[in-house]
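# Secondary and tertiary structure notes
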2 protein chains.
Amino acid sequence: MYYICFMDRLITHIRKTINLDDSEAAIVSSYFEYETVKKKKHLVEEGQTVHKQYYILKGCLRIYTLNTKGNEQTLQFGIENWWIADYLGFLGQTPSNYFIQAVENSEVISIDKNSLDELLSQLPKLEKYFRLTFQKSLGAAQMRIKYLFTMTAEESYHHFNKNFPEFVQRVPQYMLATYLDFTPEFMSKIRAGKA
Amino acid sequence: MYYICFMDRLITHIRKTINLDDSEAAIVSSYFEYETVKKKKHLVEEGQTVHKQYYILKGCLRIYTLNTKGNEQTLQFGIENWWIADYLGFLGQTPSNYFIQAVENSEVISIDKNSLDELLSQLPKLEKYFRLTFQKSLGAAQMRIKYLFTMTAEESYHHFNKNFPEFVQRVPQYMLATYLDFTPEFMSKIRAGKA
DNA sequence: CGAAAATTTGACATGACTCAACTGGAGTGG
DNA sequence: CCACTCCAGTTGAGTCATGTCAAATTTTCG
């Protein structure tokens, strides 16, 4: 079974939280689909109602939205072993509020709501893995809001550089600007020390 | 047992998601503590390391932080039947990143990490309740970030008024300003139509 | 009733944005 | 492997949304 191969990463990740024997791991595997996305391509477009949660095997994705002026605003970046999704859309099966796009050529595995519900009723011990994953993500989202609030543009930039150097290398600057909530031009001025 | 009384709300809330018989409900009840907080008093101060998750029975609370200038910034408000916590601090048992304060005289029930862990191992079916609760909160946090990004001060104000009228009535305006990310003075000008 | 807290108002200051022009490097096709 | 294009990044001038500060006014509540 080839899919076992690319499922390994997720199984390993789950096993950091709960025990899974091989037959259970096989069940988990059977519920996921493998997808590749080329750089710049979208996995989800705003307004779509087919929702999946994506687990990133390789590459880098982002979730973003457009503001009233039509500019992109990045809510979150994700890399290897991160989950990414429109959680409200997923739960309510409502149109997506966001775009999900590949920043680099990427590989993901995905699961839709029905499949996740089935999987969880077949293997209830997985609830704990997802509970902890979401709890952690929720904590991260709180910090994200805190940082958006408390730092000036320049502080945000330096803070991000210091704390997430992997992303700085992998994400183009104009895109990082849409995450830190200022314009690419302004970012350029910060970098030049002319802000 | 008196505590059964104020635990009712949470039990009812949990039963919207999963089934609980009376003996299970009693187990849940036994893990929570009842607390009251007077308006303006803090349940948690920044830097503290005793962490609990709070379920609001009555009243209104908020979680906030201070920016570099010492001004308050409100991350989230919570009312009856909402959970409120510093989730990252809770999970990691690290010093709190935030203050949790009563906006009105309030009643909450609380649980610390050890108790929650015990409760969940004794009653694993609760994992699903918390998984769904956190998943929903995570979705809400995503929307929160989207709104902070995409709206001007004036749009934020009107949007909040329209969508959360209960809060507008219960929360002082200067505090709402710290949630919507502008100054009380500017809020006043928006209201006067002079923005 | 009085004090403290919340809200309003106005004058002025400023951080970040807009727009347009320019530079340099990375792909692409011939 | 060169030439061309296109996209990312830079720079500067002018502008605007929102902040700051201080004072006046209104509301709340002990």
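Presented here is an overview of the structure given in this document. Keep in mind the model is a prediction, meaning the values are calculated, not measured.

## Some remarks on the sheet that holds strand S8 (residues 106-112) of chain A
Residues and elements named next belong to chain A. The 4 strands lie next to each other as S1-S8-S3-S6, forming an open sheet whose pairing is antiparallel. Two strands in the sheet have a free side with no partner beyond their single neighbour: strand S1 (33-37) and strand S6 (83-84). Strand direction decides the pairing type here: S1 and S8, joined by 5 bridges, are antiparallel. The residue bridging Glu 33 from the neighbouring strand is Ser 110, located in S8. Sheet strands in contact with helix H4 (residues 113-122) are strand S3 (52-58) and S8, and its direction is about 70° off that of S8.

## Details of the protein's contact with DNA strand D
Neighbouring DNA strand D are 17 residues, the closest being A:Gln173, A:Ser188, A:Ala192, B:Phe182 and B:Phe186. Looking at which element gives the most residues to the surface near DNA strand D, the answer is helix H9 (residues 184-191) of chain A, with 5 residues. Across the surface near DNA strand D, the residue classes tally to 7 nonpolar, 4 polar and 6 charged.

## What to know about the environment of B:Phe149
Along the chain, B:Phe149 turns up in helix H5 (residues 126-150). Residue classification places B:Phe149 among the buried residues on the basis of 20 C-beta atoms within 10 Å. Once you skip the residues sitting within four places of it in the chain, B:Phe149 turns out to touch A:Asn67, A:Gln73 and A:Asp181.

## Observations regarding the packing of helix H6 (residues 153-163) of chain B against helix H9 (residues 184-191) of chain B
Helix packing for two helices is described by the angle between their axes and how far apart those axes are. Residue and element names in this part refer to chain B. Between H6 and H9, the least distance of the axes is 10 Å, while the angle of their chain directions is 70°. Classified by the angle between their axes, H6 and H9 sit roughly perpendicular to one another. Taking contact as the criterion, the partners of Ala 153, Glu 154 and Tyr 157 in H6 are, on H9, Phe 186, Met 187 and Ile 190. Residue composition of the contact of H6 with H9, grouped by class: 5 nonpolar, no polar and 1 charged.

## A closer look at the relation of the copies chain A and chain B
Each copy of the sequence occupies a distinct position, and chain A is placed on chain B by a rotation of 180° and an axial shift of 0.0 Å, giving an RMSD of 0.0 Å. Here the symmetry operator amounts to a two-fold rotation axis. Closest approach to the rotation axis among the C-alpha atoms of chain A is made by A:Arg131, whose C-alpha sits 2.0 Å away. Mapped onto chain B, 100% of the interface residues of chain A again fall at the interface, so both copies present the same surface.

## Observations regarding the protein's contact with DNA strand C
The environment of DNA strand C is made up of 17 residues, and the closest members are A:Phe182, A:Phe186, B:Gln173, B:Ser188 and B:Ala192. When residues of the surface near DNA strand C are traced back to their parent elements, those giving at least two are helix H6 (153-163) and H9 of chain A together with helix H8 (173-180) and H9 of chain B. Take the surface near DNA strand C: its biggest share by element is 5 residues, from H9(B). For the surface near DNA strand C, the class distribution of residues is 7 nonpolar, 4 polar and 6 charged.

## As for the interface of chain A and chain B
Many authors give the size of an interface as the accessible area that is lost as the parts come together. Every contact between the two is made by 32 residues of chain A and, on the other side, 32 residues of chain B. Grouping the constituent residues of the side of chain A that touches chain B by class yields 14 nonpolar, 10 polar and 8 charged.

## Here's the deal with the environment of B:Pro172
Residues and elements named next belong to chain B. Inspection of the secondary structure puts Pro 172 in the loop between helix H7 (165-170) and H8. Judged by local crowding, Pro 172 falls into the exposed class, with 10 C-beta atoms found within 10 Å. When the C-alpha positions of Pro 172 and Val 103 are compared, they lie 8.6 Å apart, and in sequence the two are 69 residues distant.

## A few points about the sheet that holds strand S3 (residues 52-58) of chain B
Residue and element names in this part refer to chain B. Strand order in the open sheet made by the 4 strands is S1-S8-S3-S6, with antiparallel pairing throughout. Bordering the open sheet on either side are strand S1 (33-37) and strand S6 (83-84), each of which pairs with just one other strand. Relative to S6, S3 runs antiparallel, the two sharing 2 bridges. Note on S6: the bridge partner recorded for Tyr 55 is Trp 83. Packed onto the sheet, helix H4 (residues 113-122) meets S3 and strand S8 (106-112) and runs at close to 70° relative to S8.

Analysis parameters
- Residues numbered from 1 in each chain as written.
- Chains lettered and ligands numbered in written order.
- Predicted model: local features only at pLDDT ≥ 70, side-chain atom pairs only at ≥ 80, totals over all residues.
- Pairing = 2+ DSSP bridges.
- Helix = DSSP H or I, 4+ residues; strand = E, 2+ residues; numbered from the N terminus.
- Contact = placed C-beta atoms within 7 Å.
- Axes fitted to C-alpha atoms, helices over the stretch in contact; angles between N-to-C directions.
- Near = placed C-beta within 6 Å.
- Nonpolar A, V, L, I, M, F, W, Y, C, P; charged D, E, K, R; others polar.
- Buried ≥ 20, exposed ≤ 12 C-beta atoms within 10 Å, placed from the backbone.
- Parallel < 35°, antiparallel > 145°, perpendicular 65-115°, else oblique.
- Least-squares fit on C-alpha atoms with pLDDT ≥ 70 in both.

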